[in-house]
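# A look at the structure
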Amino acid sequence: MDEKYDSALLGIIQHEGKIEKFLNVVLSFLYRRTDFYRIMKSKNDRLGFPPGVSLKMITSIFQHYDALTRKDDELREEMKQETQKKTATAEPASTRVESAKATPVQNVDSNKTCDTKQCDEEIEGTKTNSEDVRMDSNETASDGFVKNESQSESIAASDRTKEKTSEEKDDEAEDSELAKQQAAFQANPESYNGAIRDNYSWSQSITDLDLRVKVPSFIRKGRDVQVDIAKKHVKVVHKDDQGQWRVAVNGDLPWEINKEECMWTLNPGENIHINMEKKEERWWDCFLTDEPKINVRKIDASRPMTDLDDEAQSKIEEMMYNDRRKKMGLPTAQEEKMHDVLRKAWDAEGSPFKGQPFDPSKLSMDPSGVVNMKP
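As a starting point, this report considers the structure included with it. The model shown is predicted, which means the values in this text are computed figures rather than measured ones.

Rules used throughout
Residues numbered from 1 in each chain as written. Predicted model: local features only at pLDDT ≥ 70, side-chain atom pairs only at ≥ 80, totals over all residues. Heavy atoms only, no water. Helix = DSSP H or I, 4+ residues; strand = E, 2+ residues; numbered from the N terminus. Buried < 20%, exposed > 50% of the residue type's maximum accessible area, 1.4 Å probe, protein only. Contact = heavy atoms within 4.5 Å. Areas by Shrake-Rupley, 256 points an atom, 1.4 Å probe, with all protein chains shown as cover. Salt bridge = Lys/Arg side-chain N within 4 Å of Asp/Glu carboxyl O. Axes fitted to C-alpha atoms, helices over the stretch in contact; angles between N-to-C directions. Parallel < 35°, antiparallel > 145°, perpendicular 65-115°, else oblique. Left-handed = near helix turned anticlockwise from the far one by under 90°. Lys, Arg positive; Asp, Glu negative; His and termini not counted. Pairing = 2+ DSSP bridges. Patch = residues over 30% accessible without salt bridge, like charges linked within 9 Å, V, L, I, M, F, W, Y side chains within 5 Å. Charge placed at Lys NZ, Arg CZ, Asp CG, Glu CD.

## Points about the overall build of the protein
In terms of regular secondary structure, the protein is built from six helices and ten strands. Relative to its full complement of 375 residues, the protein shows a buried share of 19%. Sequence-distant contacts, at least 24 apart, represent 43% of the contacts inside the protein between residues at least 6 apart. Here the protein displays about 27700 Å² of accessible surface, and carbon together with sulfur accounts for 51% of that area.

Right under this line is the structure:
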């Protein structure tokens, strides 16, 4: 199993939040950018797959990893049983029972005659009884140890289940509260993809940040405010009604910004608007490190086309155009170009079709651009 794409895939699944949405992202990519879902209508069709092949591919890959999972389950079960056997057969030193003392042999009167064979049998019987007592004691102690350990494990497992359930409920409640809070932030343009705090609000795109710091209504001139911006620190102060400087924002940023690209403007009596450019394209979960974090899974992570380079924008426009043409049952831009080439080849000098009505079904073009006549 290849792990080189794990970091990229983890980023997607953390952003989407659910396996179902993650799978939708992957399959929608295959739909939009590949011919995975396209069905070959003839043997000469170079795009797509024969009917049912795409589904078989997905099913085969699923079954492969499903079989690996079953093997992992069997291995864990074997290890569990082996551990239980070792635990059941173990004899802790603390539970060992001292062997019973042997029954003393009565002294034989010197005046009475004792048959040697009879005396040996009595002694042997005494030893056997002593060994039976020892074995019964050990078995009882071992059984007690196993039962006590099993009961302890059951109680511990029950406690863990209760703790996990309680933690899951707390997490769900917290996520629900954050989702409601972020929905309120999303409804305000000044906190879109960001948050509203006591003295300021902030919003963001994948490349920029916008900070708006509140100022009193009597702040009308730029000389009444001071803005200091560093790579990972922002400080904003303004004068109060006594003419003294008051700190409105002063804190560290979680990530670096491009200091040279930052700009700020004063909206008299309203706020100080600061635009900052992120050094790295990423979504911030807070503006200052000491403020509460937002749930980045609940923000709008889509990117406007204007953020993309010219080549990417033209590709997307071409894809959207082709998609509209397909829905209307018309040829795509690539198919139109191919038809133009085939039409020229149709009436070219030496063509067997010259002078006949153009019929694209009789010609085909391979990826290298060579026109061939279909059989």
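Once you've had a look at it, read on.
## Remarks on the pattern of salt bridges
For the structure shown, the criterion picks out ten salt bridges. For Asp73, the salt bridge identified is with Arg76, shortest N-O distance 2.4 Å. Of this pair, Asp73 and Arg76 both sit in helix H3 (residues 53-89), separated by three residues, roughly a single helical turn. Take Asp73: its relative accessible area is 32%, and that puts it in the partly exposed class. The shortest N-O distance in the salt bridge between Glu280 and Arg282 comes to 3.2 Å. Judged by its relative accessible area of 29%, Arg282 is partly exposed.

## Re the packing of helix H1 (residues 6-16) against helix H2 (residues 19-33)
The axes of two packed helices give the description: the angle between them and the distance between them. Relative orientation of the contacting elements H1 and H2 amounts to 125°, with a least axis distance of 8 Å. When the interaxial angle is binned, H1 and H2 end up oblique. Classified by chirality, the crossing of H2 by H1 is right-handed. In this structure, H1 contributes Leu9, Ile12, Ile13 and Glu16 to the contact, and H2 contributes Ile19, Lys21, Phe22 and Val25.

## Re the side chain of Asp210
Checked against the element boundaries, Asp210 lands in strand E3 (residues 208-214). The buried charged residue Asp210 lacks any salt bridge, with Arg212 as its nearest oppositely charged partner at 5.1 Å. Other than its neighbours up to four places away in sequence, Asp210 contacts Ser201, Trp202, Ser203, His273, Ile274 and Asn275.

## A closer look at unusual backbone geometry
Unlike most non-glycine residues, Asn193 shows phi in positive territory, near 65°. You can call Asn193 buried: its relative accessible area is 2%.

## Some thoughts on the sheet that holds strand E7 (residues 263-267)
Spatially, the five strands line up as an open sheet ordered E1-E2-E3-E8-E7, and their pairing is antiparallel. Strands with a single pairing partner mark the edges of an open sheet, and in this sheet they are strand E1 (195-196) and E7. Across five bridges, the pairing between E7 and strand E8 (residues 271-277) is antiparallel. Its bridge partner being in E8, Asn267 is matched across the sheet by Asn271.

## Things to note about a positive patch on the surface
A contiguous patch of positive charge on the surface is contributed by Lys18, Lys21, Arg297 and Lys298. Turning to its location among the elements, Arg297 is positioned in the loop between E8 and helix H5 (310-327).

Just geometry here; none of it tells us what the structure is for.
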